[in-house]
Amino acid sequence: MAEIATNVLHNVGNVLNSVNISSDLITRKLRNSKAQGLGKAMQLINEHPDDLGTFLSEDAKGKLLPGYLNQLVVAITQEQQEMLDELNQMNKSVDHIKDIVATQQSYAGANSMTEPLFINELLEDALRMNAGALTRHHVTVVREYADVPQVMGDKHRLLLILINLISNAKYAMSDLSNRPRTMTLTVRIVDDNFLEISVKDDGEGIAPENMTRIFAHGFTTRKEGHGFGLHSCALAAIEMNGHLTAHSDGPGQGALFTLQIPLISVTENA
Ligand SMILES: Nc1ncnc2c1ncn2[C@@H]1O[C@H](COP(=O)(O)OP(=O)(O)OP(=O)(O)O)[C@@H](O)[C@H]1O
Ligand SMILES: [Mg+2]
């Protein structure tokens, strides 16, 4: 039970960071909103209740007003769209948090809930949920997405795994200063019946003796790590009837994490 609780906290914590970034961004946008200009424009109009026509057609300031209002409409529309996009992103994160908690509460059954998914879109969601940190760490993301049809998949378990693998890759490269930091995400179909998703980095690599230990609950080599991430990823992979494997040529040689799950096409499931 304690192990489950720490896993929940760890995975919720990962996503909360992105909720926080979104809410900061929306707050900043609202604070600096161009909509404030409307007040000033209306004040000018209110100052001319009896000669508004003359004011708009002849006064130096008045003549500029319609053009200004038009620009305002464009700017406010754009602001609103940006805020909607950010809120949409935040909703996805909150939704994922709700699901992490719900999944863990019904852990005994651990049934996979599958739904039709475009895997490439899911990868983009996971990247967005890590976006703040990836930018901060100057990580370049390379996408090698095969043209995979819509499949049946467990969205939240997949997201959980991806968010953890992306976060680990980012940390593994944080000491790289002499070359660019590149993370490669690959999606492909193997042998017609496995969906394979991999996350590769060119960071610190893994020593051979740690290759299996990294999946143990509580194993960490990071000062601020907890060793919860890969353990919950490996469990989630098994719960989807798949598996998660790690490969590294050794310290300094980067690492490759590969998830394989059975490929269930949407039509097959219908
Ligand atoms: N991409 C990687 N490159 C090199 N080592 C890695 C990589 N991913 C994981 N590891 C090793 O596996 C260990 C366990 O990873 P895991 O995600 O379980 O825990 P953590 O990242 O240390 O802490 P947290 O619980 O916060 O995720 C890491 O401490 C690190 O030693
Ligand atoms: Mg981790």
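Everything numeric in this text was worked out from a predicted model, so none of it was measured. (Residues numbered from 1 in each chain as written. Chains lettered and ligands numbered in written order. Predicted model: local features only at pLDDT ≥ 70, side-chain atom pairs only at ≥ 80, totals over all residues. Heavy atoms only, no water.)

### Here's the deal with the overall build of the chain
Link 1 in the chain: If you tally the helices and strands in the chain, you get nine helices and seven strands.
Link 2 in the chain: With respect to the three principal axes, the spread of C-alpha positions in the chain is 85 × 50 × 40 Å.
Link 3 in the chain: A burial count over the chain gives 43% of its 270 residues as buried.
Link 4 in the chain: Accessible area of the chain: about 15100 Å², with a carbon and sulfur share of 54%.
Link 5 in the chain: In the chain, which carries 22 positive and 32 negative side-chain charges, the distance between the mean positions of the two groups comes to 7 Å. (Helix = DSSP H or I, 4+ residues; strand = E, 2+ residues; numbered from the N terminus. Buried < 20%, exposed > 50% of the residue type's maximum accessible area, 1.4 Å probe, protein only. Areas by Shrake-Rupley, 256 points an atom, 1.4 Å probe, with all protein chains shown as cover. Lys, Arg positive; Asp, Glu negative; His and termini not counted. Charge placed at Lys NZ, Arg CZ, Asp CG, Glu CD.)

### Considering the side chain of His96
Link 1 in the chain: Summarising the element assignment, His96 is placed in helix α4 (residues 60-105).
Link 2 in the chain: A polar side-chain atom of His96 sits 2.9 Å from a polar atom in the side chain of His156.
Link 3 in the chain: Aside from chain neighbours lying at most four places away, what touches His96 is Val15, Met129, His156, Leu159, Leu160 and Ile163. (Polar contact = N/O pair within 3.5 Å; in protein donor to acceptor, adjacent residues only side chain to side chain. Contact = heavy atoms within 4.5 Å.)

### Regarding the nonpolar core
One broad rule of soluble globular proteins: the nonpolar side chains tend to lie buried together.
Link 1 in the chain: Within the largest apolar cluster, 54 residues are counted, with the highest numbers of intra-cluster contacts made by Ile119, Leu158, Met183 and Leu195.
Link 2 in the chain: Of all the secondary structure elements, the ones that give two or more residues to this core are α1 (2-31), α4, α5 (119-129), α7 (155-172), β4 (181-190), β5 (194-201), α8 (229-239) and β7 (255-262).
Link 3 in the chain: Looking at this core, the element that brings in the most residues is α7, giving nine residues.
Link 4 in the chain: Mapped onto the domain boundaries, this core takes at least three residues apiece from domain 1 (17-103) and domain 2 (112-269).
Link 5 in the chain: Aside from chain neighbours lying at most four places away, what touches Ile119 is Val151, Leu158, Val187, Leu195 and Ile197. (Core = buried A, V, L, I, M, F, W, Y, C linked by side-chain atoms within 4.5 Å. Domains from an automatic or database assignment.)

### Some points on the packing of α7 against α8
Link 1 in the chain: Close contact between α7 and α8 brings their axes to 9 Å; oriented N to C, the two are set at 150°. Our pair here, α7 against α8, has a crossing hand that is left-handed. Listed contacts from α8 to Arg157, Leu160, Ile161, Asn164, Leu165 and Asn168 of α7 are Gly229, Leu230, Ser232, Cys233, Ala236, Ala237 and Glu239.
Link 2 in the chain: Across the contact of α7 with α8, the residue classes break down as seven nonpolar, four polar and two charged. (Axes fitted to C-alpha atoms, helices over the stretch in contact; angles between N-to-C directions. Left-handed = near helix turned anticlockwise from the far one by under 90°. Nonpolar A, V, L, I, M, F, W, Y, C, P; charged D, E, K, R; others polar.)

### Points about the packing of aromatic side chains
Both the distance between ring centres and the angle between the ring planes are used here to describe each pair of aromatic rings.
Link 1 in the chain: Per the stated rule, a full pass over the model turns up one aromatic pair.
Link 2 in the chain: Considering the side-chain rings of Phe215 and Phe257, the 6.5 Å spacing of their centres and the 70° angle between planes classify their relative orientation as edge-to-face. Of this pair, Phe215 sits in the loop between β5 and α8 while Phe257 sits in strand β7, and the two are 42 residues apart along the sequence. (Phe/Tyr/Trp six-rings, centres within 6.5 Å; stacked < 30°, edge-to-face > 60°.)

### Thoughts on the pattern of salt bridges
Link 1 in the chain: Under the counting rule described, the total for this entry stands at seven salt bridges.
Link 2 in the chain: Residues Lys92 and Asp125 are paired through a salt bridge, measuring 3.0 Å at the closest nitrogen-oxygen approach. Placement of the pair is Lys92 in helix α4 and Asp125 in helix α5, with a sequence separation of 33 residues.
Link 3 in the chain: Relative accessible area serves as the criterion here: at 11%, Asp125 is assigned to the buried category.
Link 4 in the chain: One salt bridge connects Arg128 with Asp125, and the closest N-O pair in it is separated by 3.0 Å. Linking Arg128 with Asp125, this pair stays in helix α5, spanning three residues, or about one helical turn.
Link 5 in the chain: On the basis of relative accessible area, Arg128 is assigned to the partly exposed category, the value being 41%. (Salt bridge = Lys/Arg side-chain N within 4 Å of Asp/Glu carboxyl O.)

### Details of the layout of surface pockets
Link 1 in the chain: Taken as a whole, the largest pocket holds about 890 Å³ of empty space.
Link 2 in the chain: Taken together, 42 residues line the largest pocket, and the ones lying closest to its centre are Ser167, Asn168, Tyr171, Thr220 and Arg222.
Link 3 in the chain: Of all the elements, α7 adds the most residues to the lining of the largest pocket, at eight residues.
Link 4 in the chain: Of the residues belonging to the lining of the largest pocket, the class tally is 16 nonpolar, 20 polar and six charged.
Link 5 in the chain: Inspection of the lining of the largest pocket shows a minimum of three residues originating in each of domain 1 (17-103) and domain 2 (112-269). (1 Å grid on protein atoms, 1.4 Å probe; cavity = no way out; pocket = protein on both sides within 12 Å on 5 of 7 lines; lining within 4 Å. Points joined across faces, edges and corners; volume = space filled by probe spheres on them.)

### Some thoughts on α8
Link 1 in the chain: With respect to burial, α8 is a largely interior element, nine of its eleven residues being buried.
Link 2 in the chain: Within α8, burial applies to Gly229, Leu230, His231, Ser232, Cys233, Ala234, Ala236, Ala237 and Glu239.

### A look at empty space enclosed by the protein
Link 1 in the chain: Overall, the coordinates contain two cavities of 30 Å³ or more when judged by the stated rule.
Link 2 in the chain: Put simply, the parts of the chain that give the lining of the second largest cavity at least two residues each are β3 (151-153) and β7.
Link 3 in the chain: Here the lining of the second largest cavity gets three residues from one element, more than from any other, and that element is β3.
Link 4 in the chain: Of the residues belonging to the lining of the second largest cavity, the class tally is seven nonpolar, one polar and no charged.

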